Amino acid sequence: MRRSLPLLAVSMTLAACAGGTGRFGRVSDVPILFPPPPDTARIQFLLAVSNEDDVRGVKNEGWFASVLEETNRNTAGIIKPYGVSLRGSRIYVCDTMLPGVHILDMERRSFRMWRPSGPGTLRKPINCVSDPATGELFVTDTERQQVVVFDSTLAYEDAFGEGHG
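The structure displayed is predicted, hence computed values, not measured ones.

Rules and cut-offs
- Residues numbered from 1 in each chain as written.
- Predicted model: local features only at pLDDT ≥ 70, side-chain atom pairs only at ≥ 80, totals over all residues.
- Heavy atoms only, no water.
- Pairing = 2+ DSSP bridges.
- Helix = DSSP H or I, 4+ residues; strand = E, 2+ residues; numbered from the N terminus.
- Axes fitted to C-alpha atoms, helices over the stretch in contact; angles between N-to-C directions.
- Salt bridge = Lys/Arg side-chain N within 4 Å of Asp/Glu carboxyl O.
- Contact = heavy atoms within 4.5 Å.

Draft legend 1. Representation of the pairing of strand β7 (residues 125-130) within the structure. Note that β7 and strand β8 (residues 137-141) share 5 bridges and pair antiparallel. Bridging from a neighbouring strand, P125 pairs with D141 of β8. Taking the residues between adjacent antiparallel strands as the criterion, β7 and β8 are bridged by 6 residues, where G135 takes a positive phi near 85 degrees.

What follows is the structure, given as structure tokens:
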């Protein structure tokens, strides 16, 4: 149970990301806990991530800066997160509104939208899991009706299920 709490906290945080509140790191000096006191806290809100700037730690410096920021942004923000998987410093987020997976590398402070092509093309990824032993990434795609498998370098490996790639 202890090991699943960080994943649960991250998934709940990412599920709330669509609103785009918060920045990388602590949002408040006052801990945000669920359930709130006097109940025993089970989850602590740590951070919110909704786009590249949240991962890199860029702070908005006003309206003009935000207009320039939107003009220069080269990756889409997280729109409708659903499935989340952790491996090392990487967080993989399936976005049901985009045909790919967001990859957040907290150590390198990078954020990118990964859209595989060819036989590994994703249509509506809904969940993912990373195998800690092999580094493989398994992505369930509801439109393909398959689980698509990528190796540790994110190269297409295989797909299985009743659908057709």
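Draft legend 2. Just the sheet that holds strand β6 (residues 110-114), in detail. Read across the sheet, 4 strands follow the order β3-β4-β5-β6 without closing on themselves; strand pairing throughout is antiparallel. The open sheet has two edge strands with one neighbour each: β3 (81-87) and β6. Direction aside, neighbouring strands of the sheet carry axes that sit 20 degrees apart on average. Summarising the sheet, strand β4 (residues 90-95) and strand β5 (residues 101-105) pair through 5 bridges and their orientation is antiparallel. When the bridges of β5 are listed, V93 appears paired with H102.

Draft legend 3. Up close: the pattern of salt bridges. Scanning all chains against the criterion turns up 2 salt bridges. The partner of R90 in a salt bridge is D105, with the nearest N and O atoms 3.9 Å apart. One end of the pair, R90, is in strand β4; the other, D105, is in strand β5, with 15 residues separating them in the sequence. For R108, the salt bridge is made with D105, and the minimal N-O distance between the two is 3.8 Å.

Draft legend 4. Layout of the environment of S152. Along the chain, S152 turns up in the loop between β9 (146-150) and β10 (156-160). Along the sequence, S152 and D131 sit 21 residues apart, while their C-alpha atoms lie 9.1 Å from each other. The residues touching S152, leaving out its near neighbours within four places in the chain, are R87, T134, G135 and E136.

These figures capture arrangement, not role.
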